[in-house]
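Geometric and topological summary
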Amino acid sequence: MIDDFPGFVRVAERRSRLIRSGSAAAFALLVSGSLYFAATLVSRAHAVSIPPGAIVAGAVFPLLASGAVMIVAFRRRIEPAALLLRLDLALGLPARLSSLAELEGGGSPAIRRRIEAAAAPRLEGWKDGLPIPKWTIFGLAIGFSFVVAGLLFSIRPVPVGTPGVIAPITLPSPSPPVSRAGDETSEPPAPPLPAEAAAEAATTGPEAGYTLSDILSELRIPIGPSGAERPASEADLTDLLARIKERLAAEGGLLTDAERAELIAAMATVPPPLTEGINGILTEESPEALGNSIDQLLEEVGSAAVSLTSGGTEGATSPSRSEGEEEGGVGSVGMPEREETGGIPSASPATNEEGRNVPGNGGEGEEEEAPSPPLAEGGTEELLPTPVPGRIGEEGRLDLLLTAGVPIEYGTGSEGGGSISVSFERIDSILSERALSPSAVEAVRKYFETITGGGS
Amino acid sequence: MITDTEIDDAYATFERLREAIETVMVGHERVIRAVLISLLCRGNVLLEGVPGLGKTLLVRTLAAALGLRFSRIQFTPDLMPADIVGTDIITEEDGHRRFRFAPGPIFANIVLADEVNRATPKTQSALLEAMEERTVTVGSNTYELEEPYIVLATQNPIEMEGTYPLPEAQVDRFLLKANVPFPDLDELIEITTRNTDGEGIVLPGSVASAADVLTARKVVRAIPLAAGLRDYIARLVLATHPESEYAPGRVREYVEYGASPRAAIAMVMGAKAHAFLSGEPNVRPEDIEAVFHPALLHRIILNFRGEAEGVRIPDLLADVWEGVPIV
């Protein structure tokens, strides 16, 4: 090696540049990997859904960045004089190699021979003088671990019950038809429906199994064998309206704050057509108009109950498929067809009117197929099955089970199914738009807290 | 081109020289080494120490061991420049009177300027040309001094009354400054033994010649200094300047002027000579360390605050040494 001193210097310089570039790459990977990991943590803490492409790009970026830094660091030249002196110090050679470099341009051969002879015994393991720093290996390992951990965090769904996290509702893409046997409320609980099973299967892991039934359970809405067993919401509304009507007849005047709160709470448990009526009652400002609105709503409650009962029975006995479902391969029996909307379902119940099947309204949705709104017999509506265009890939239409009155937000989960997140912010904005009284807003907030278990 | 034989002979010569000096001198290894380094580097040495420590004996021993001419000049306040360099005198030869130059004591190979700070600056400056140019100019005539030539000046650091501190320009011309320490117990016993037993101090015979010294100087100049170490020396010298980016805090605070470029030259040459005296074929970091203090001690000037607070220059140099990394 010492016979070809320039060659030795080149080899040492190359090794030094490699070590330097490795250290730079480790640093870059450590920094960018930790940033990526932090970003995934933050997005997870705030339940921000990240598109798969962004996840991959985020994971690849630290690797690319460290690679780029490595190349740049490798291309930068190292001053041989400083390198050789560093090597001398590391090998315990008293400036032999760096002095030899001085003699390259000319010098006494006799002195050169003496220096070479003094340096030779230590040159066997000269690479020990340029060791790979431990922190480089450590930094690379930690940085890579950050990337992998960030990737795993991004892929895994947000766990249920995480503070400040809104649990997503995982929706099965190929949702089988949901039976609307409203007259089967008295039947004992049966094994989960295929829809529920599919929904559970659509989740990515056992701990991530936050299915539709879980959500509905959270919302305290029982699910029957048919998938939507009816609570007595319409009956409650009828009772409430009767009480209000009775009080108005006795005392006159307008709605009290308590009545308003009860009506608002009822809005969340009745089908959208009835919520409109309730909304009308809440906005009436004269006693006469208020009385008329209550009477009208009572009639609507009665007719809706009849319609839902017949529709549910029909759906249970002779399930039919809509044209769109057959084309798209997505089954939806007994669900109202939303025709030619082509858009994303609105987050608020008010904008879902087009897709709703309100009895007697003669809307377009009734022309192809007019299954009645899914009301349980003697119960009020909790679920509003709504086929919507798929938003993930080309999976066709999806069947969403919407709970009337609960605003929804569509997430962008990375799994096969979409997700719906319920947030108080959304509710709050809707309340603001409607300019409700503070007491009404407070009632809604309490309601929201009730259905979300006190979370945000 | 230096041959192996020349190198070996030079190493051997100076090894013999060192041993010869040590037969007379007790201790003072650093001082002896500083004198030899100056001899090898064509430099001059400023020796600082109280009287009676053997400074004159060292110079005489060196001259005897080298077989060179030695002269001693005792500097006093009434010493005139002509007393040092010599003067033209009128002589009569063959019935004709003419001026003839009578060389002063400065015309020797080894000159001991004893208590150099007792003479007036005018007389002190008479040494300047000889120290730097190795020539002496009297009237319109310039005379070459014989090589090897070295001036060893001594200073008494205690008796400062009636002295004339050396001007900075003159101090800078000394390659190294060596403090002559007081001997320790064992050395003192050995000194008394050598001086009082038998025939007393006997100067050694010549173990080398002027030619040997000149050959050794060639070898010293051929010893390589790594570029990284040259850079290190430059940074060390710059670090003595208060405005330098390398200067440690206390240098910025207490130093008025740092070391001159002559200091860097002195360190490079001194390190080479030190490596030679150590039998090494190249300059090592320890060679630089060995000459760091002797080369810089007399080249740093404290500011008023440093003087007032009694700051010691060796302490500042220690800061510089600690604060400047090799690479």
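Residues numbered from 1 in each chain as written. Chains lettered and ligands numbered in written order. Predicted model: local features only at pLDDT ≥ 70, side-chain atom pairs only at ≥ 80, totals over all residues.

A look at the overall build of chain A
- Secondary structure assignment for chain A yields 16 helices and five strands.
- Out of the 456 residues belonging to chain A, those deemed buried represent 41%.
- Long-range contacts, defined here as pairs at least 24 residues apart, represent 73% of the contacts in chain A between residues at least 6 apart. (Helix = DSSP H or I, 4+ residues; strand = E, 2+ residues; numbered from the N terminus. Buried ≥ 20, exposed ≤ 12 C-beta atoms within 10 Å, placed from the backbone. Contact = placed C-beta atoms within 7 Å.)

A short note on the overall build of chain B
- Counting its secondary structure elements, chain B contains 15 helices and 11 strands.
- The buried share among the 327 residues of chain B stands at 44%.
- Partitioning the intrachain contacts of chain B with sequence separation of at least 6 by distance along the chain shows that 77% fall at a separation of at least 24.

Some thoughts on the environment of Ala 222 of chain B
- For Ala 222 of chain B, the location among the structural elements is in helix H9 (residues 210-222).
- Setting aside residues up to four positions removed in sequence, Ala 222 of chain B forms contacts with Gly 107, Ser 108 and Ile 111 of chain A together with Ile 2 of chain B.

Thoughts on the sheet that holds strand S8 (residues 150-155) of chain B
All names here are of chain B.
- The five strands lie next to each other as S2-S5-S8-S1-S9, forming an open sheet whose pairing is parallel. Edge positions in the sheet fall to strand S2 (70-74) and strand S9 (176-179), since each of these pairs with one other strand and no more. For this sheet, the mean angle separating the axes of adjacent strands, direction not counted, is 20°.
- Pairing analysis gives four bridges linking strand S5 (residues 110-114) to S8, with the strands arranged parallel. If you follow Ile 110 over to S8, its bridge partner there is Ile 150.
- Along the sheet, helix H2 (residues 29-40) makes contact with strand S1 (45-48), S8 and S9, crossing S9 at roughly 165°. (Pairing = 2+ DSSP bridges. Axes fitted to C-alpha atoms, helices over the stretch in contact; angles between N-to-C directions.)

Here we look at the nonpolar core
- Val 35, Val 45, Leu 152, Leu 176 and Met 267 of chain B are the most contacted members of the largest nonpolar core, which totals 115 residues.
- Take this core: its biggest share by element is 10 residues, from helix H12 (residues 261-277) of chain B.
- Once you skip the residues sitting within four places of it in the chain, Leu 176 of chain B turns out to touch Ala 34, Ile 37, Ser 38, Gly 43, Val 45, Ala 266, Gly 270, Val 291, Pro 294 and Ala 295 of chain B.
- One finds Ala 261, Ala 266, Met 267 and Leu 290 of chain A within the second-largest nonpolar core, a separate group that totals 25 residues. (Core = buried A, V, L, I, M, F, W, Y, C linked by C-beta atoms within 7 Å.)

What to know about the interface of chain A and chain B
- Facing the 20 residues of chain A at the interface are 20 residues of chain B.
- Mapped onto the side of chain A that touches chain B, the elements with two or more residues apiece are helix H3 (80-91), helix H4 (96-103) and helix H5 (109-119) of chain A.
- Among the elements that make up the side of chain A that touches chain B, the one with the highest residue count is H4 of chain A (six residues).
- Taken together, the residues of the side of chain A that touches chain B break down into 12 nonpolar, four polar and four charged. (Nonpolar A, V, L, I, M, F, W, Y, C, P; charged D, E, K, R; others polar.)

Some points on helix H1 (residues 5-45) of chain A
- Spanning 41 residues, H1 of chain A covers 59 Å between terminal C-alpha atoms, matching the ideal 60 Å at 1.5 Å per step.
- Ala 47 of chain A occupies a position one or two residues after H1 of chain A and carries a positive phi of about 55°. (Expected span 1.5 Å × (residues − 1).)

Description of the packing of helix H10 (residues 257-267) of chain A against helix H11 (residues 272-283) of chain A
All names here are of chain A.
- Look at H10 against H11: their axes get within 9 Å of each other, and the N-to-C directions meet at 160°. Comparing the axis directions of H10 and H11 gives the class roughly antiparallel. The two elements H10 and H11 meet at a crossing, and its hand is left-handed. Along the contact surface, H10 presents Arg 260, Leu 263, Ala 266 and Met 267, while H11 presents Thr 275, Ile 278, Ile 281 and Leu 282.
- For the contact of H10 with H11, a count of residues per class yields six nonpolar, one polar and one charged. (Parallel < 35°, antiparallel > 145°, perpendicular 65-115°, else oblique. Left-handed = near helix turned anticlockwise from the far one by under 90°.)

Some thoughts on the packing of H3 of chain A against helix H10 (residues 227-238) of chain B
- In the contact formed by H3 of chain A and H10 of chain B, the axes pass within 8 Å of each other and the chain directions differ by 95°. Classified by the angle between their axes, H3 of chain A and H10 of chain B sit roughly perpendicular to one another. Of H10 of chain B, the residues touching H3 of chain A (which contributes Ala 81, Ala 82 and Leu 85 of chain A) are Ala 227, Gly 228 and Leu 229 of chain B.
- By residue class, the composition of the contact of H3 of chain A with H10 of chain B is five nonpolar, one polar and no charged.

So, the pairing of strand S4 (residues 96-103) of chain B
All names here are of chain B.
- In terms of burial, S4 is largely open, as just zero of its eight residues are buried.
- Pairing of strand S3 (residues 86-93) with S4, which is carried by eight bridges, proceeds in the antiparallel orientation. Paired with Glu 93 across the two strands is His 96, which belongs to S4.
- Hairpin connection between S3 and S4: a loop of two residues separates the two successive antiparallel strands, and Asp 94 in this loop has a positive phi of roughly 55°.

Points about H3 of chain A
- Between the first and last C-alpha of H3 of chain A there are 16 Å, a value that for 12 residues agrees with the 16 Å anticipated at 1.5 Å per step.
- Three or more residues of H3 of chain A are buried, namely Pro 80, Leu 83, Leu 84, Leu 85, Arg 86, Leu 87, Asp 88 and Leu 91 of chain A.
- Next to the buried residues of H3 of chain A lie H1 and H4 of chain A together with H10 of chain B.

Comments concerning the confidence of the model for chain A
Residues and elements named next belong to chain A.
- Model confidence for chain A is summarised by a mean pLDDT of 66, while 54% of its residues fall at 70 or above.
- By mean pLDDT, the top-scoring element of chain A is H1 (87), and the lowest-scoring one is helix H13 (residues 323-328) (39).
- Confidence drops under pLDDT 50 across residues 160-210; counting only partners more than four residues distant or on other chains, this segment forms 136 contacts.
- Long-range and interchain partners of residues 411-419, a stretch whose pLDDT sits below 50, account for 35 contacts in this model, where long-range means more than four residues apart. (pLDDT = per-residue confidence, 0-100.)

Topic: the confidence of the model for chain B
All names here are of chain B.
- When pLDDT is averaged along chain B, the result is 88; 99% of the residues meet or exceed 70.
- Averaged over each element, pLDDT in chain B is lowest for helix H7 (residues 168-171) (82) and highest for H12 (93).
- Two summary scores accompany this predicted model of the complex, namely pTM at 0.58 and ipTM at 0.78.

A short note on unusual backbone geometry
Residue and element names in this part refer to chain B.
- The omega angle of the peptide bond from Glu 147 to Pro 148 is -5°, so this bond is cis rather than trans.
- Within the secondary structure layout, Pro 148 lies in the loop between strand S7 (141-144) and S8.
- Although it is not a glycine, Arg 42 sits at a positive phi angle of roughly 60°.
- In this structure, Arg 42 sits in the loop between H2 and S1.
- With a phi close to 50°, Glu 115 is a non-glycine residue in the positive phi region.
- Mapped onto the fold, Glu 115 is located in the loop between S5 and helix H5 (121-124).
- On the basis of neighbour counts, which here come to 18 C-beta atoms within 10 Å, the residue Glu 115 falls in the partly exposed class.

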